[in-house]
Amino acid sequence: MTEIYVSTDVETDGPIPGPHSMLSFASAAYRPDKTLLGTFSANLVTLPGAQGDPGTLNWWQSHPEAYQATRTGLEDPEAAMRRYAAWVNALPGKPVFVAYPAGFDFLFVYWYLIRFTGSSPFSFSALDVKTYAMAMLKLGYRESVKRNMPKRWFDPMPHTHVALDDALEQGALFCNMLAENLRAPD
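How each quantity is defined
- Each residue is numbered by its place in its chain's sequence as written, counting from 1.
- Local features are withheld for residues below a pLDDT of 70 in this predicted model, meaning they are given only at 70 or higher, and side-chain atom pairs are given and counted only at 80 or more; totals for whole chains, interfaces and linings count all residues.
- Note that the side-chain values use all heavy atoms of the structure and ignore hydrogens as well as water.
- Helix and strand assignments come from DSSP, with helices taken as H or I runs of at least 4 residues and strands as E runs of at least 2, each series counted from the N terminus.
- Definition used for salt bridges: Asp or Glu carboxyl oxygen within 4 Å of a side-chain nitrogen of Lys or Arg.
- Accessibility here uses a 1.4 Å probe with only protein chains present; expressed as a share of the type maximum, an area under 20% marks a residue as buried, one over 50% as exposed, and anything in between as partly exposed.
- As used throughout, the charge tally considers Lys and Arg to be positive and Asp and Glu to be negative, leaving His and the chain termini uncounted.
- Only heavy atoms enter the contact rule, under which two residues are in contact if any of them lie within 4.5 Å.
- When DSSP finds at least two bridges between two strands, those strands are taken to pair.
- The axes are straight lines fitted to the C-alpha atoms, using for helices just the contacting stretch, and the angles between their N-to-C directions are given from 0 to 180°.
- Working note: the arc is built from the helix axis to C-beta atom directions.
- For this analysis, a ring pair means two rings from Phe, Tyr or Trp (six-membered ring only for Trp) whose centres lie within 6.5 Å, classed as stacked if their planes differ by under 30 degrees, edge-to-face if by over 60, and tilted for the remaining angles.
- Counted as over-ring charges are cases with an Arg CZ or a Lys NZ within 6 Å of the ring centre that also lie within 35 degrees of the ring normal.

(A) Region of interest: unusual backbone geometry. In this model, Tyr100 is joined to Pro101 through a cis peptide bond whose omega is 5°. Mapped onto the elements, Pro101 comes out in the loop between strand 5 (94-99) and helix 4 (102-117). The residue Lys34 is not glycine, and still its phi comes out positive at about 75°. With respect to the helices, strands and loops of the structure, Lys34 is situated in the loop between strand 2 (22-30) and strand 3 (36-44). Even without glycine at this site, His161 takes up a positive phi of about 70°. Here His161 is to be found in the loop between helix 5 (129-137) and helix 6 (163-182).

Encoded structure:
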């Protein structure tokens, strides 16, 4: 079965789910050849009893348009996660969660999926774009940052801190890396 790379970005009001909330998340489903199959996005009502982290809320003050984008068209987390799980399960292949950084984005998405649907269509694994870059570039993990990646890996797409924009951008980046990595040597 073909793998479908589900590039995902989250926007939150703190560093961990539970005490803090996922404000917004989005995914862009790509075939390995960078064909975009579809997108999903949702803005969520905050969790009962959760509070924003002061440092995170301070960061949002410097990105007011992006923050405002997370607060429109709010959905109940359970309804949104059920809709999301159905969307992922309907993809025409085996879904692979992809993020930059996967450790953060997957933490929130997995926690919300388990809490509100009882399962995850991704199982309990995720592909981290930065780690993939580390392997391709033969650099240390901390050196494998976007400024050290070849320009050819990047499509002219914005990184706006709006979840859907960032999921699309990061998905295209990953697909470009994948194509180069799988290309037969000359």
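(B) Focus on the pattern of salt bridges. Inspection of every chain in the model, using the stated rule, returns 5 salt bridges. Across the salt bridge formed by Asp155 and Lys34, the nearest N and O atoms sit 2.7 Å from each other. Of this pair, Asp155 sits in the loop between helix 5 and helix 6 while Lys34 sits in the loop between strand 2 and strand 3; the two residues are 121 residues apart in sequence, bridging distant segments of the chain. One salt bridge connects Arg82 with Glu78, and the closest N-O pair in it is separated by 3.2 Å. On the criterion of helical spacing, the pair formed by Arg82 and Glu78 is a turn pair, its members being 4 residues apart in helix 3 (residues 77-89). Under the relative-accessibility criterion, Arg82 is labelled partly exposed at 44%. On the basis of relative accessible area, Glu78 is assigned to the partly exposed category, the value being 35%.

(C) View of the side chain of Lys130. Along the chain, Lys130 turns up in helix 5. Lacking a salt bridge, the buried Lys130 has Asp128 as its closest oppositely charged neighbour, with an N-O distance of 7.2 Å. Excluding residues that lie within four positions of it along the chain, Lys130 makes contacts with Tyr100, Tyr141, Arg142, Ser144 and Val145.

(D) The arrangement of the sheet that holds strand 1 (residues 3-12) in detail. If you walk across this open sheet you meet the 6 strands as 4-3-2-1-5-6, and the pairing is mixed. Taken across any chain shown, the strands that pair with only one partner, and hence form the sheet edges, are strand 4 (74-75) and strand 6 (127-128). Bridge count for strand 1 against strand 2 is 8 bridges, and the pairing is antiparallel. Pairing of Glu11 across the sheet is with Ser24, part of strand 2. Strands in contact with helix 4 are strand 1, strand 2, strand 3, strand 5 and strand 6; relative to strand 1, the strand with the most contacts, it is inclined by about 90°.

(E) Quick peek at helix 4. Along helix 4, the positions that sit buried rather than exposed are Ala102, Asp105, Phe106, Phe108, Val109, Tyr112, Leu113 and Phe116. Around the axis of helix 4, the buried residues are gathered within 160° of arc, so they sit on the same side. Contacts made by the buried residues of helix 4 are with strand 1, strand 2, strand 3, helix 3, strand 5 and strand 6. Two residues or fewer past helix 4, Gly118 is found with a positive phi of approximately 85°.

(F) Local environment of the packing of aromatic side chains. On inspection of all chains with the given rule, the structure shows 16 aromatic pairs. Their ring planes at 40° and their centres at 6.4 Å tell us that Tyr84 and Phe122 sit as a pair that is tilted. In this pair, Tyr84 sits in helix 3 while Phe122 sits in the loop between helix 4 and strand 6, placing the two residues 38 residues apart along the sequence. A network of ring pairs unites the aromatic residues Phe25, Phe40, Tyr84, Trp87, Phe97, Phe106, Tyr110 and Phe122 as a single cluster. Cation over ring: Lys130 sits above Tyr141, and NZ or CZ is 4.4 Å from the ring centre. The ring of Tyr100 has Lys146 lying over it, and the distance from NZ or CZ to the ring centre is 4.8 Å.

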